[in-house]
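# Geometric and topological summary
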Amino acid sequence: MSPRAALRTSAPAKIILGGEHAVVYGVPALVLPLSGLRTEVSLRESNIPKLRILLGDLPNPSEAQMAFVSGACRTITAALGHGLPDATLEVRSSVPIASGLGSSASLCVALSRAFSRLHGTSMAPADIQRLANEAEQAAHGRASGVDTAAIAWGRPLRFVTGQPPEPFALAGPLTLVIAHSGEVGSTQAAVMDVALRRDSEPDLYGGYFAGIREAVDRMVQALQAGDPAALGAAMTDNQRWLQAIGVSTPMLDRLVRVATQAGAHGAKLTGGGWGGCAMALAPEDRAEAIGRAMIDAGAAWAQVTTVGASQP
Ligand code: MEV
């Protein structure tokens, strides 16, 4: 990096079509990058002997937010074999935090890209995935790695923990309505809670996870066949299993219900749950109306997004 030239990187958000939580226990998850929501990082060398961190969107960041960003920087630079650089790091993000859309993984991927470029290391998506995942794990404990995989690869993936991610093709674009419950989710707390309950009732939870596996397998078939009705039905079934394992909320259930009543093919929460976002798979000509119905039902916001057709 030439003195004071800013190095800029970015990373998208992600959305999980199916398999969250169960993915921690070996069930496949289907995950898509959301390129319309992004974390942007700029790194500029300075003469001040420290890493100065500015969270551009947050004039008064909390201690926990600052600790997460500085912890991620430390983990990533150490994994690259360096200390923190003398530089100013600015982070801006349009990915809502604690919403199930992968804000922390998006940040960790953007930081991994920035620090690897700073040190002249060219990294393939698999390396960025590994580096970002190390930072996520250090901050969040038990995680499957599904979020960092989708974001580092930037393409739809079928993901099984510990295995190389499998890109999959969308037969056609998917119209999704994403609506925020207005409740703050905590993936880490929800994952820990599921782990405790699964430890005390392994057979029951094994059955729930088998149900999610079956729903995800049907999603894969529906995606290959380009059958949105079947995809939506499998998503709604996945939601029932997520309710059973205790990660939905009355508001998320309500958003799912009104979305299907308003004509969605199917709907579910997405990500860690206990708040955050619900998503609906919508016929294109119903998407705006479904979003309005979700707002009327109490969503803090709703937005329509199209995830494009892609090649594996
Ligand atoms: C979070 O986006 C997905 C979870 O399955 C946690 C994880 O896989 O790390 C809830």
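Above this note sits the structure.
Attention now moves to the packing of aromatic side chains. Overall, the coordinates contain four aromatic pairs when judged by the stated rule. Note on Y25 and F209: the rings are 4.8 Å apart at their centroids and 10 degrees apart in plane angle, and the pair reads as stacked. On the criterion of sequence distance, the pair formed by Y25 in the loop between β1 (7-18) and β2 (29-45) and F209 in helix α6 (residues 202-225) is long-range, its members being 184 residues apart. Comparing Y25 with F209, the two get one shared label, buried. An aromatic cluster of three or more residues is present, and its members are Y25, Y205, Y208, F209 and W241.

The pairing of β2 with strand β4 (residues 87-93) spans seven bridges and is antiparallel. Across the sheet, the residue bridging to E40 is R92, located in β4. As paired strands, strand β3 (residues 51-55) and β4 are joined by five bridges and run parallel to one another. Within the sheet, the bridge partner assigned to L54 lies in β4 and is E90.

Right, let's get into the sheet that holds strand β9 (residues 277-281). Read across the sheet, four strands follow the order β8-β9-β7-β10 without closing on themselves; strand pairing throughout is antiparallel. Looking at the sheet topology across the chains shown, the edges are occupied by β8 (266-269) and β10 (301-307). Strand-to-strand twist in this sheet, taken as the mean axis angle between neighbours without regard to direction, amounts to 20 degrees. Looking at chain direction, strand β7 (residues 174-180) and β9 are connected through five bridges and run antiparallel. Within β9, the position partnered with L176 by the bridge is L281. The strands touched by helix α7 (residues 228-244) are β7, β8 and β9; relative to β8, the strand with the most contacts, the crossing angle is about 35 degrees.

Between two packed helices, both the angle of their axes relative to each other and the distance between the axes serve to describe the pair. Closest axis-to-axis distance for the helix α8 (residues 250-261)/helix α9 (residues 287-296) pair is 9 Å, and the angle between their directions is 145 degrees. The two elements α8 and α9 meet at a crossing, and its hand is right-handed. Contacts between α8 and α9 involve L255, V258 and A259 from the former and I290, A293 and M294 from the latter.

The next point concerns the site of the ligand. Near the ligand, the surroundings consist of 14 residues, among which K14, H21, A143, S144 and D147 are the closest. A distance of 2.9 Å is found between an oxygen atom of the ligand and a side-chain nitrogen or oxygen belonging to K14. A distance of 2.8 Å separates an oxygen atom of the ligand from a polar backbone atom of H21. Taken by itself the ligand offers 300 Å² of open surface, and the protein chains cover 97% of this. Counting residues per element, the ones that place at least two in the shell around the ligand are β1, α4 (146-153) and α5 (187-200). Partitioning the shell around the ligand into residue classes produces six nonpolar, five polar and three charged.

Of note in the backbone geometry, H21 takes a positive phi value of approximately 65 degrees without being a glycine. What makes H21 buried here is its relative accessible area of 6%. Positive phi, normally seen in glycine, also occurs at A98, with a value near 50 degrees. With respect to the element layout, A98 can be found in the loop between β4 and α2 (103-118).

The rules behind each value
Residues numbered from 1 in each chain as written. Predicted model: local features only at pLDDT ≥ 70, side-chain atom pairs only at ≥ 80, totals over all residues. Heavy atoms only, no water. Phe/Tyr/Trp six-rings, centres within 6.5 Å; stacked < 30°, edge-to-face > 60°. Helix = DSSP H or I, 4+ residues; strand = E, 2+ residues; numbered from the N terminus. Buried < 20%, exposed > 50% of the residue type's maximum accessible area, 1.4 Å probe, protein only. Pairing = 2+ DSSP bridges. Axes fitted to C-alpha atoms, helices over the stretch in contact; angles between N-to-C directions. Contact = heavy atoms within 4.5 Å. Left-handed = near helix turned anticlockwise from the far one by under 90°. Near = heavy atom within 4 Å. Polar contact = N/O pair within 3.5 Å; in protein donor to acceptor, adjacent residues only side chain to side chain. Areas by Shrake-Rupley, 256 points an atom, 1.4 Å probe, with all protein chains shown as cover. Nonpolar A, V, L, I, M, F, W, Y, C, P; charged D, E, K, R; others polar.

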